[in-house]
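Structural description and commentary
Take a look at the letters that make up each chain.
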Amino acid sequence: MEFPNAIIKWYLQNKRDLPWRHTQNPYFIWLSEIMLQQTRVAQGLPYFNAFTAAFPTVFDLANAKEEQVLKLWQGLGYYSRARNLHATAKSVAYDNNGNFPSKYTELLKLKGVGEYTAAAIASFAYDEPVAVVDGNVFRVLSRYFNIDLDISEGKTKKEFQKLAQEVLPIDNAALFNQAIMEFGALQCVPKNPNCEACILSNSCAALQHKKVALLPVKSKKTKVTPKYFNYLIIQDQEEKFVVQKREGKGIWENLYEFTLIETDELTDEISFVDQLKTTQFFGQKPTDICVLSTEVVQHKLSHQHLYIRFYGFKLGQKILGAKSRDEIQKLPFPVVIHNFIQSTCFNSL
């Protein structure tokens, strides 16, 4: 019991004061866990506060419009999480009278809830003794027990889940789960951990074998695809802007964007402007085209690196569905476009 007891002792002395740790309400715990998937606590905390203020209950979230949910999520990335969040809120509110499932196996049936998230909710909200295994837990267990199996492989994940369950103190599962995740986030960090000040330094196998920097092992690397986006900021005679909702499956599904021309490579500004001059938009060829981004805007996503330029021009007609500046401010956009909308460049148009 030395390992779990030491982790819990460390946690009680070093834990961060986070709002979702003061409740067993499954709605708040679920909300926090979805937000913290692939997101640091410091980044996710303001979003959690904004969501709980706007949607204090699962019924409030279920009854919200998707655009409102996506607008609040704007900048947090991985927008499928927000869409799944909204769908699950509707399911819990309408099909289960606002009650979340109380068992790990039932929680797994919720949209957007995987093994880790289900374990976290079951443990923190309902005290079910099921171990959580996230990236932090992988790191702590692999180092402490000197496990050099590849964590990108499914069979290895099962081995870690089994080990985590074995070391889990059944009568103190929720506290230990919080503790080991926090330990990985603050003490047993990915790079250059302060092992000399670690409470486990005398018993950590990786430290004894000088393998801390080598663990955990993860061989698969994400293939990154470059994409080249040219956004056209089109104004009509009423100085309203053409925007549309992005349809189809993809990273920005149901978010708004300006008119997009995607190219196979980074285009020369002069050549692209010449191309635009010969193209009709709403029955007109544009004139007075200006380049609105002095430099290529780079936006890195997990599987894609985007290279973005913004161009602007006006058309001498009213365009049906064009949006005013005030209307645009209320719509959910990808953060890279939102940043452009907030820029001096856009506001000077």
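The sections below set out a description of the structure shown in this document. On a predicted model such as this, the values are computed, not experimentally measured, just so you know.

Before going further, it helps to spend a moment on the overall build of the protein. Scanning the protein for helices and strands turns up 16 helices and 6 strands. Principal-axis analysis of the C-alpha atoms gives the protein an extent of 75 × 50 × 35 Å. By residue count, 47% of the 349 residues in the protein fall in the buried class. A separation of at least 24 residues holds for 68% of the contacts in the protein among residues at least 6 apart in sequence. Positive and negative side-chain charges in the protein, numbering 40 and 36 respectively, have mean positions lying 2 Å apart.

When the terminal C-alpha atoms of helix H8 (residues 115–126) are compared, their 16 Å separation across 12 residues agrees well with the 16 Å that a helix rising 1.5 Å per residue should span. Most of H8 sits out of view: 9 of its 12 residues are buried. Buried residues of H8: Thr117, Ala118, Ala119, Ala120, Ile121, Ala122, Ser123, Phe124 and Ala125, and no others. The elements touched by buried residues of H8 are helix H2 (26–35), helix H7 (104–107) and helix H11 (173–186). Looking at the residues trailing H8, positive phi occurs at Asp127, about 60 degrees.

Across soluble globular proteins, nonpolar side chains show a tendency to be buried alongside one another. Core analysis: the biggest nonpolar cluster contains 97 residues, and Phe3, Ile7, Trp30, Phe51, Leu61, Trp73 and Phe258 have the highest contact counts within it. Ranked by size, the runner-up nonpolar core spans 13 residues in total, among them Leu232, Tyr311, Phe313 and Ala322.

Moving on, we get to the layout of surface pockets. Put simply, the largest pocket is a space of about 1,700 Å³. Lining the largest pocket are 47 residues, and of these Leu36, Gln38, Asp134, Gly135 and Asn136 lie nearest its centre. At the level of elements, helix H3 (41–54), H8, helix H9 (135–144), helix H10 (154–167) and H11 are the ones that each hand at least two residues to the lining of the largest pocket. Within the lining of the largest pocket, the residues separate by chemical class into 21 nonpolar, 14 polar and 12 charged.

Let's shift gears to the environment of Pro129. Position of Pro129 relative to the elements: it lies in the loop between H8 and H9. By relative accessible area, which is 32% here, Pro129 ends up partly exposed. Each C-alpha atom of the pair Pro129 and Pro169 lies 8.0 Å from the other, and the pair is 40 residues apart in sequence. Aside from chain neighbours lying at most four places away, what touches Pro129 is Gln165, Leu168, Ile170 and Ala173.

On to the pattern of salt bridges, then. Two side chains that carry opposite charge are able to pair once their charged atoms sit near each other. Tallied over the full model, the rule gives 10 salt bridges. In this structure, Glu182 and Arg16 form a salt bridge, with 2.7 Å as the shortest nitrogen-oxygen distance. One end of the pair, Glu182, is in helix H11; the other, Arg16, is in the loop between helix H1 (2–14) and H2, with 166 residues separating them in the sequence. For Arg16, a relative accessible area of 27% puts it in the partly exposed group. Here the residues in one salt-bridge network are Arg16, Arg21 and Glu182, joined through shared partners.

Under the definition given, this model contains 26 aromatic pairs. Here the aromatic rings of Phe3 and Phe145 are separated by 5.6 Å at their centres, their planes lie at 65 degrees, and the arrangement is edge-to-face. Residue Phe3 is located in helix H1, and its partner Phe145 is located in the loop between H9 and H10; the two are separated by 142 residues in the primary sequence. Of the residues examined, Phe3 reaches a relative accessible area of 4% and is grouped as buried. On the basis of relative accessible area, Phe145 is assigned to the partly exposed category, the value being 33%. Aromatic rings pair up to connect Phe229, Tyr231, Phe241, Trp252, Tyr256, Phe258, Phe310, Phe333, Phe340 and Phe346 into one cluster.

When strand E5 (residues 297–300) meets strand E6 (residues 304–314), the two strands line up antiparallel, connected through 4 bridges. Across the sheet, residue Val297 finds its bridge partner in E6, namely Ile308. Remark: 3 residues form the turn of the hairpin made by E5 and E6, two consecutive strands paired antiparallel.

Let's shift gears to the packing of H3 against helix H5 (residues 66–73). Packing of H3 against H5 brings their axes to within 10 Å, and their N-to-C directions diverge by 150 degrees. The angle between the axes of H3 and H5 places the two elements in the roughly antiparallel class. Regarding H3 and H5, the two cross each other, and that crossing is right-handed. Contacts between H3 and H5 involve Tyr47, Ala50, Phe51 and Ala54 from the first element and Val69, Leu72 and Trp73 from the second.

Let's shift gears to empty space enclosed by the protein. Tallied over the full model, the rule gives 1 cavity of 30 Å³ or more. In this structure, the largest cavity occupies an estimated 140 Å³ of space. Lining the largest cavity are 15 residues, and of these Phe183, Cys188, Cys195, Cys198 and Cys204 lie nearest its centre. With 3 residues, the top contributor of residues to the lining of the largest cavity is H9.

Reading guide: rules and limits
- Residues numbered from 1 in each chain as written.
- Predicted model: local features only at pLDDT ≥ 70, side-chain atom pairs only at ≥ 80, totals over all residues.
- Heavy atoms only, no water.
- Helix = DSSP H or I, 4+ residues; strand = E, 2+ residues; numbered from the N terminus.
- Buried < 20%, exposed > 50% of the residue type's maximum accessible area, 1.4 Å probe, protein only.
- Contact = heavy atoms within 4.5 Å.
- Lys, Arg positive; Asp, Glu negative; His and termini not counted.
- Charge placed at Lys NZ, Arg CZ, Asp CG, Glu CD.
- Expected span 1.5 Å × (residues − 1).
- Core = buried A, V, L, I, M, F, W, Y, C linked by side-chain atoms within 4.5 Å.
- 1 Å grid on protein atoms, 1.4 Å probe; cavity = no way out; pocket = protein on both sides within 12 Å on 5 of 7 lines; lining within 4 Å.
- Points joined across faces, edges and corners; volume = space filled by probe spheres on them.
- Nonpolar A, V, L, I, M, F, W, Y, C, P; charged D, E, K, R; others polar.
- Salt bridge = Lys/Arg side-chain N within 4 Å of Asp/Glu carboxyl O.
- Phe/Tyr/Trp six-rings, centres within 6.5 Å; stacked < 30°, edge-to-face > 60°.
- Pairing = 2+ DSSP bridges.
- Axes fitted to C-alpha atoms, helices over the stretch in contact; angles between N-to-C directions.
- Parallel < 35°, antiparallel > 145°, perpendicular 65-115°, else oblique.
- Left-handed = near helix turned anticlockwise from the far one by under 90°.

Worth remembering: the numbers are spatial, not functional.
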